[in-house]
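# Coordinate inspection notes
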Number of protein chains: 2
Amino acid sequence: MSILQIPKRGFSAGEFEGRVERARKIMHKHKFDALVVSAPPNVRYFTGFDSQFWESPTRPWFVVVGLEGDPVAVIPEIGAPEMALTWMKDIRTWPAPVPEDDGISLLKSTIESFPKKYGRVGAEMGREMSLRMPVSDLLRLRDSLSSEIADGSPCIWEIRMVKTAAEIEHINHICQIASDAYEALPAQISAGETEREIARKLRIDIARRGADATPFMPAISGPGGVAQIVCGPHDRAIQEGDILFIDTGSTFDGYFCDFDRNYAVGKISDDARRVHDALWLATEAGIAAAVPGATTDDVFRAMSKIIEEAGAIGNNVGRLGHGLGLQLTEPPSHRLGDGTVILENMVLTIEPGMEYAPGKMIVHEENIAITNDGPRLLTKRAPREMPVIN
Amino acid sequence: MSILQIPKRGFSAGEFEGRVERARKIMHKHKFDALVVSAPPNVRYFTGFDSQFWESPTRPWFVVVGLEGDPVAVIPEIGAPEMALTWMKDIRTWPAPVPEDDGISLLKSTIESFPKKYGRVGAEMGREMSLRMPVSDLLRLRDSLSSEIADGSPCIWEIRMVKTAAEIEHINHICQIASDAYEALPAQISAGETEREIARKLRIDIARRGADATPFMPAISGPGGVAQIVCGPHDRAIQEGDILFIDTGSTFDGYFCDFDRNYAVGKISDDARRVHDALWLATEAGIAAAVPGATTDDVFRAMSKIIEEAGAIGNNVGRLGHGLGLQLTEPPSHRLGDGTVILENMVLTIEPGMEYAPGKMIVHEENIAITNDGPRLLTKRAPREMPVIN
């Protein structure tokens with residue numbers, strides 16, 4: 001097992017001050033007096049607060065970031081001792097659960113305690129975000145607030161899409177852990193084992209190597225490719241001629257990797273080898289195209305050209321990569337019409353895939369950070385030849 | 001490692017037909033022509049569809065259950081091959097992601113294809129539910145639909161709160177796996193190890209024993225008790241006199257266990273032992289009180305009496321247990337004013353806890369299924385004397 005340098009867990013108060021300062025510039029642009037967030041990745045982004053307790057949907061949690069003053073945590077009493085360990089100075093609690101008023105009046109008075117310049121408050125109402133509170137409570141809050149509640153998602157994504165150096169080191173660390181585990185996998189498994197058993201071995205190995213969790217690990221196999229890449233594992237035993245596809249979103253200190261690997265079970269068809277090679281080259285092209293100033297459309301086209309030439313008959317994924325960070329997938333998307341300008345310190349997946357015959361799909365994926373000196377590979381690049389399982 | 005009988009994964013078509021039939025009776029009572037669900041546990045409840053891909057918030061998924069006809073899955077193309085493996089016959093797809101119209105027009109026409117009797121459609125707008133789609137899309141749908149969209153949460157919870165026999169066997173299985181792992185833990189760890197390392201060992205052991213995932217595992221330690229029970233692990237090393245508290249929500253085939261265990265590190269104080277014993281007795285009282293016809297208030301009072309007599313100075317949890325199933329926590333809550341009548345085949349946690357000195361909390365938890373012949377313990381009952389770690 002290779003020895004990895006483990007980044008310090010958590011972030012300094014200075015890091016969070018920097019995040020809030022940058023957020024405020026973007027909030028001015030979007031004309032928001034405050035952002036109200038409730039979803040775990042957004043709460044964590046501004047506070048550093050971490051809890052697996054998000055699994056319980058009973059109690060809502062809120063953070064209000066205004067244009068000035070300290071951000072405020074408006075949270076259930078049960079979370080106060082741990083929130084007090086973060087950089088947050090202003091923590092307001094109520095004794096949840098209280099169905100009649102689960103934090104809403106406290107949230108309202110908190111929002112109203114911030115100065116009103118634009119008369120607009122941004123909430124998580126838009127794309128790639130889930131509000132983590134009853135919608136009916138948001139509507140009630142909207143009706144009772146003198147400011148307008150508008151969709152804050154574009155503003156929040158503009159803030160989160162560009163990562164800090166410390167965030168990138170977190171993502172790099174989990175990418176290295178998963179890369180090592182992927183490389184070690186063929187020696188641990190053999191034909192005849194089920195997808196489910198293989199995923200379990202890899203999950204355990206990734207935990208041993210220092211990952212905190214593995215919320216995402218589809219493992220799918222099929223002769224020369226797979227029909228889909230997001231569900232499974234099933235109890236299917238891998239066999240000669242299969243491609244075994246495994247993807248993982250594992251985490252370190254809240255930050256995700258998101259990349260896959262393909263393995264040949266014994267000897268695979270010439271067609272599958274040819275397509276695999278084309279996708280390896282498409283990945284190279286996608287990585288090379290992801291430079292500051294280019295758009296996600298450019299990155300899409302760089303890969304798409306090679307995929308089309310290799311004889312793609314389809315791809316049900318709908319895009320060729322995306323952002324990642326505190327979530328497995330984040331904006332932007334590499335697809336025509338997305339039009340996001342790529343900036344320094346974005347972290348992106350490069351994910352070319354194609355169906356080359358009905359039900360036979362192959363998909364590659366790597367994770368990169370954008371720098372002004374060219375893309376920085378965070379994953380250990382997949383070998384050009386598929387590793388073989390015997 | 002004890003050998004557990006593993007329940008069959010998934011459920012029969014007959015099981016889902018039964019769920020839908022029962023749901024329709026409850027929908028009539030709530031005057032809904034259809035329910036529209038988007039959250040993973042609700043989609044899974046009606047379809048059996050499972051995917052770790054829920055981790056990606058990019059694409060919404062919907063299921064529409066009407067008062068007659070087949071339920072309809074309205075989903076991104078990427079999910080169609082796997083949804084086709086379920087009992088669902090009517091699957092409608094769109095090529096997501098498409099920010100301009102991510103399934104909303106298809107969802108609208110699907111809802112409108114069902115007969116209109118009450119003119120009301122239920123959506124996940126209420127308590128203990130998160131809508132998994134942009135709120136702005138729901139509001140757009142609401143404005144364009146001729147039927148009213150109302151809060152369907154009370155209706156959905158009435159459906160899901162009572163489990164089928166097959167659901168209970170799933171929960172029982174993961175409870176048994178976690179019980180065995182908890183029992184085996186003291187032999188694997190010792191004073192001086194950190195909470196984080198201990199949680200990692202337990203997480204790996206639970207995976208080895210057959211759990212699919214462990215989304216929730218706070219591990220917290222402190223002299224004679226802990227300050228909170230939902231965050232952590234941290235890098236604190238456990239030491240003589242500590243109580244090590246570990247809770248887990250692990251899953252088998254989508255279903256959660258949710259129970260904790262307490263361990264004494266060497267010799268703990270007499271006070272801690274006394275409180276621990278009172279909580280063990282409160283658990284007995286809570287289990288005994290959870291019978292069909294009683295209310296959650298009754299269960300609360302049965303435990304609360306013992307807790308108060310033992311000298312509780314507080315409890316920031318806000319309730320003494322709750323429902324569980326496809327989610328770590330579900331309604332009802334054992335708290336005054338909840339007022340839910342306990343029914344056969346509910347699955348509940350019994351979770352008495354108390355702070356007996358500032359920052360010193362002890363909490364017990366077991367999982368039970370309600371039967372007409374008395375409560376059925378799904379977990380292996382915690383020993384009355386705390387297991388000791390040396």
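Quick caveat, the model's predicted, so the values are computed rather than measured.

## Digging into the UniProt feature "domain: Peptidase M24" (unreviewed entry) in chain A
When the UniProt feature table is mapped onto this chain numbering, "domain: Peptidase M24" (unreviewed entry) sits at residues 169-371 of chain A. Regarding residues 169-371 of chain A, the helix share stands at 32% and the strand share at 26%, and the terminal C-alpha atoms are separated by 13 Å.

## Describing the environment of S109 of chain B
Counting through the fold element by element, S109 of chain B comes out in helix 4 (residues 104-112). Residue S109 of chain B is classed as partly exposed on the basis of its relative accessible area of 39%.

## Here's the deal with the UniProt feature "domain: Creatinase N-terminal" (unreviewed entry) in chain A
UniProt's feature table lists "domain: Creatinase N-terminal" (unreviewed entry) at residues 19-162 of chain A, given in the numbering used throughout. Annotated as 36% helix and 19% strand, the span residues 19-162 of chain A places its first and last C-alpha atoms 10 Å apart.

## Concerning the sheet that holds strand 2 (residues 62-66) of chain B
Hydrogen bonds between backbone atoms are what pair the strands of a sheet, whose relative direction is either parallel or antiparallel. Residues and elements named next belong to chain B. An order of 4-3-2-1-5-6 is seen for the six strands of this open sheet, with the pairing classed as mixed. On the outer flanks of this sheet lie strand 4 (90-94) and strand 6 (148-151), each paired with one strand and no other. Between one strand axis and the next, the sheet turns by 25° as a mean value, whatever way the strands run. This element, helix 4, spans strand 1 (34-37), strand 2, strand 3 (72-76), strand 4 and strand 5 (120-123) of the sheet and lies at about 10° to strand 2.

## A closer look at the interface of chain B and chain A
The interface is formed by 68 residues belonging to chain B together with 68 residues belonging to chain A. Carbon and sulfur atoms supply 54% of the area buried between chain B and chain A, which totals about 5700 Å² over both sides. For the chain B face of the interface with chain A, the top three residues by lost area are Q52, I78 and R127 of chain B, together amounting to 12%. Linking chain B to chain A there are two salt bridges. For R127 of chain A, the salt bridge goes to D102 of chain B, with nearest N and O atoms at 2.8 Å. Seen at the junction of chain B and chain A, the total is 28 residue pairs in polar contact (both at pLDDT 80 or more). Looking at the side of chain B that touches chain A, the elements that each hand over two or more residues are helix 3 (80-83), helix 5 (135-144), helix 8 (195-208) and strand 7 (213-216) of chain B. Residue contributions to the side of chain B that touches chain A peak at six residues, all from helix 8 of chain B. When grouped by side-chain class, the residues that make up the side of chain B that touches chain A number 33 nonpolar, 15 polar and 20 charged.

## Considering the packing of aromatic side chains
Remark: the centre distance and the inter-plane angle together describe each pair of aromatic rings, the angle taken between the planes. Applying the stated rule across the entire model yields 20 aromatic pairs over all chains. Summarising the aromatic geometry, the rings of F49 of chain A and W54 of chain A are spaced 6.1 Å apart at their centres and angled 90° between planes, so their arrangement reads as edge-to-face. On the accessibility criterion, W54 of chain A (15% relative accessible area) is buried. Here the aromatic rings of Y182 of chain B and F259 of chain B are separated by 5.1 Å at their centres, their planes lie at 75°, and the arrangement is edge-to-face. Taken as a pair, Y182 of chain B in helix 7 (residues 165-184) and F259 of chain B in strand 11 (residues 259-265) lie far apart in primary sequence, 77 residues in all. Lying across the ring of F11 of chain B, R19 of chain B places its NZ or CZ 4.5 Å from the centre.

## Digging into helix 10 (residues 296-309) of chain A
All names here are of chain A. For helix 10, spanning 14 residues, the distance from its first C-alpha to its last is 20 Å, which sits close to the expected 20 Å at 1.5 Å a residue. Taken residue by residue, helix 10 has T296, D297, V299, F300, M303, S304 and I307 as its buried positions. Here the buried face of helix 10 lies against helix 9 (270-289), strand 13 (330-333), strand 14 (347-350) and strand 15 (353-357). In the segment just after helix 10, G311 is the residue with positive phi, at about 95°.

## Regarding the relation of the copies chain B and chain A
Under the fitted operation, chain B is carried onto chain A by 0.0 Å of movement along the axis and a turn of 180°, and the coordinates agree to an RMSD of 0.0 Å. When the rotation and shift are considered jointly, the pair of chain copies conforms to a two-fold rotation axis. The position closest to the rotation axis in chain B is occupied by the C-alpha of I204 of chain B, lying 2.9 Å away. Of all interface residues in chain B, 100% are interface residues in chain A too; the two copies therefore contact each other through one and the same surface.

About the cut-offs
Residues numbered from 1 in each chain as written. Chains lettered and ligands numbered in written order. Predicted model: local features only at pLDDT ≥ 70, side-chain atom pairs only at ≥ 80, totals over all residues. Heavy atoms only, no water. UniProt positions renumbered as here; feature names shortened; annotations may be inferred. Helix = DSSP H or I, 4+ residues; strand = E, 2+ residues; numbered from the N terminus. Buried < 20%, exposed > 50% of the residue type's maximum accessible area, 1.4 Å probe, protein only. Pairing = 2+ DSSP bridges. Axes fitted to C-alpha atoms, helices over the stretch in contact; angles between N-to-C directions. Contact = heavy atoms within 4.5 Å. Buried area = accessible area lost by both parts, 1.4 Å probe. Salt bridge = Lys/Arg side-chain N within 4 Å of Asp/Glu carboxyl O. Polar contact = N/O pair within 3.5 Å; in protein donor to acceptor, adjacent residues only side chain to side chain. Nonpolar A, V, L, I, M, F, W, Y, C, P; charged D, E, K, R; others polar. Phe/Tyr/Trp six-rings, centres within 6.5 Å; stacked < 30°, edge-to-face > 60°. Lys NZ or Arg CZ within 6 Å of the ring centre and 35° of its normal. Expected span 1.5 Å × (residues − 1). Least-squares fit on C-alpha atoms with pLDDT ≥ 70 in both.

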